[in-house]
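Descriptive analysis of the structure
Here is what each chain is made of, one letter per residue.
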Amino acid sequence: MGTPVRLRSVLKRYPHTAPLLDGWITDPRVQLDFESVEPIFRAFKPMAQQQIYDVSEMAIVTYLQARGYDKPLVLLPNVVASRLQQKCLVYNSRHRRMTLADLPGARVGVRAYTQTTGMWVRAILAGTYGIATDSINWVTFEDGHLAEYNDPPFVTRGPEGSNLLQMLRDGLIDAAIFGNDLPREDGIEPVIPNPSDADRAWYEANRFVPINHVVVMKLETAEAHPESVAAVHALLKRGKAAVAAATPEIADALPDGIEAMRRPLEATLAACAEQQLLPRPLSVDDLFVHTRTFLSLQTES
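Glancing now at the pairing of strand S6 (residues 107-110). Here S6 pairs with strand S7 (residues 137-140) via four bridges, running parallel. The partner of Val110 across the bridge, within S7, is Thr140. Where S6 and strand S9 (residues 175-177) come together, three bridges link them in parallel fashion. Note on S9: the bridge partner recorded for Gly109 is Ala176.

Here's what the structure looks like:
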């Protein structure tokens, strides 16, 4: 076998990606040259708009928008981050009590309207609690990752220089959505009562964990080195398998393969369409049109 293809890569460190980042799971077809990007979402915009990496983790909403705008990316059938989401919607009890019934007409902050955690919280509010996305006044602090996208008219920008958490502390917004940066401080409480119980009920009804992050490759790289697509896909699967014995729930939370991902992706696409996040209709098969070619798939990876 020849010299491995060197791929400029960025992945967040999780138990299942650590074997790749640390180099103790390898593939002779590729060499993953990892760069550190903190927080990981800072890698999504340059990858979506300019494809600066060969391999990159990416939020699922960012990828769906990139696909909608025909960006030259290949989606790998690997989920690297997923989460039950109902604890992510919080309010400041030092100013007022906030319930689900108070959300219509309320000002709710989120880092960006296109943020994947925000998309899932809105989907749960609409599907489980009957609270329409456009009944809430959404306040954002950043643009999305695709320059072509414009927020819907029920979304406004926070004041110049403002901060999501500080506005919540000051009572300038009624509630806020946070992801991995969920604040742990006195007075910050979940809007949805008993969110862990609510998440378990949601999971029992839907039978999947909401997808947050996937992995994409630069189309130009895949075309030049088609064997690299199968190699990276295999490495991600092996990384997950390496920790599955210690964390068996990982198999359910992080599905591999097109068919295993189909149901959660269908729900993701439906939510994104309802929330006016997509420039055009997409199907699950649209997402994997390049993937099937490079992996020589007909039905399943």
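So, next bit.
Summed over all chains, the structure comprises 21 salt bridges. Among the ionic pairs, Asp197 bridges to Arg200, the shortest N-O distance being 2.1 Å. Taken together, the residues span about one helical turn, with Asp197 and Arg200 both in helix H6 (residues 195-206) at a distance of three residues. By sharing partners, the salt bridges in this structure join Glu259, Arg262, Asp285 and Arg292 into a single network.

Before going further, it helps to examine the environment of Arg262. If you trace the backbone, Arg262 turns up in helix H10 (residues 258-274). Along the sequence, Arg262 and Tyr63 sit 199 residues apart, while their C-alpha atoms lie 15 Å from each other. Setting aside chain neighbours within four positions, we find Arg262 in contact with Val284, Asp285 and Arg292.

A separate point is the packing of helix H4 (residues 116-129) against H10. At a minimum axis distance of 10 Å, the contact between H4 and H10 shows a crossing angle of 85°. Between H4 and H10, the angle is such that the two are roughly perpendicular. Each of Met119, Trp120 and Ala123 in H4 lies in contact with H10, whose residues at this interface are Pro264, Ala267, Thr268, Ala271 and Cys272. Class assignment of the residues belonging to the contact of H4 with H10 gives a composition of seven nonpolar, one polar and no charged.

Taken together, five strands build an open sheet; the order of strands is S2-S1-S3-S11-S4 and the sheet is mixed. Across the chains shown, the open sheet's two edge strands, defined by having one partner strand only, are strand S2 (30-34) and strand S4 (73-82). Averaged over all neighbouring strand pairs, the angle between strand axes comes to 30°, with direction disregarded. Pairing geometry for strand S1 (residues 5-10) and strand S3 (residues 55-59), over two bridges, is parallel. Looking at S3, one finds that Val10 is bridged to Ser56. Relative to the sheet, helix H3 (residues 60-68) contacts S3, S4 and strand S11 (211-218), its axis offset from that of S3 by approximately 105°. With respect to the sheet, H10 is in contact with S4 and S11, its orientation differing from that of S4 by roughly 75°.

It is worth spelling out H10 at this point. Between its terminal C-alpha atoms H10 stretches 23 Å, which fits the 24 Å expected from 17 residues at 1.5 Å a residue. A bend of about 35° at Pro264 is the largest found in H10. The set of residues buried in H10 consists of Ile258, Met261, Arg262, Pro264, Leu265, Thr268, Leu269, Ala271 and Cys272. Considering only its buried residues, H10 is in contact with H3, S4, H4, S11, helix H11 (284-287) and helix H12 (289-295).

Covered by surrounding structure in strand S5 (residues 89-92) are Leu89 and Tyr91 together with Val90 and Asn92, the residues of both alternating faces. Note: S5 against S9, two bridges, orientation antiparallel. Paired with Leu89 across the two strands is Ile177, which belongs to S9. When S5 meets strand S10 (residues 188-190), the two strands line up antiparallel, connected through three bridges. What sits directly across from Tyr91, in S10, is Glu189.

Rules and cut-offs
Residues numbered from 1 in each chain as written. Predicted model: local features only at pLDDT ≥ 70, side-chain atom pairs only at ≥ 80, totals over all residues. Heavy atoms only, no water. Pairing = 2+ DSSP bridges. Helix = DSSP H or I, 4+ residues; strand = E, 2+ residues; numbered from the N terminus. Salt bridge = Lys/Arg side-chain N within 4 Å of Asp/Glu carboxyl O. Contact = heavy atoms within 4.5 Å. Axes fitted to C-alpha atoms, helices over the stretch in contact; angles between N-to-C directions. Parallel < 35°, antiparallel > 145°, perpendicular 65-115°, else oblique. Nonpolar A, V, L, I, M, F, W, Y, C, P; charged D, E, K, R; others polar. Expected span 1.5 Å × (residues − 1). Bend = angle between axes of the 7 residues up to and from the residue. Buried < 20%, exposed > 50% of the residue type's maximum accessible area, 1.4 Å probe, protein only.

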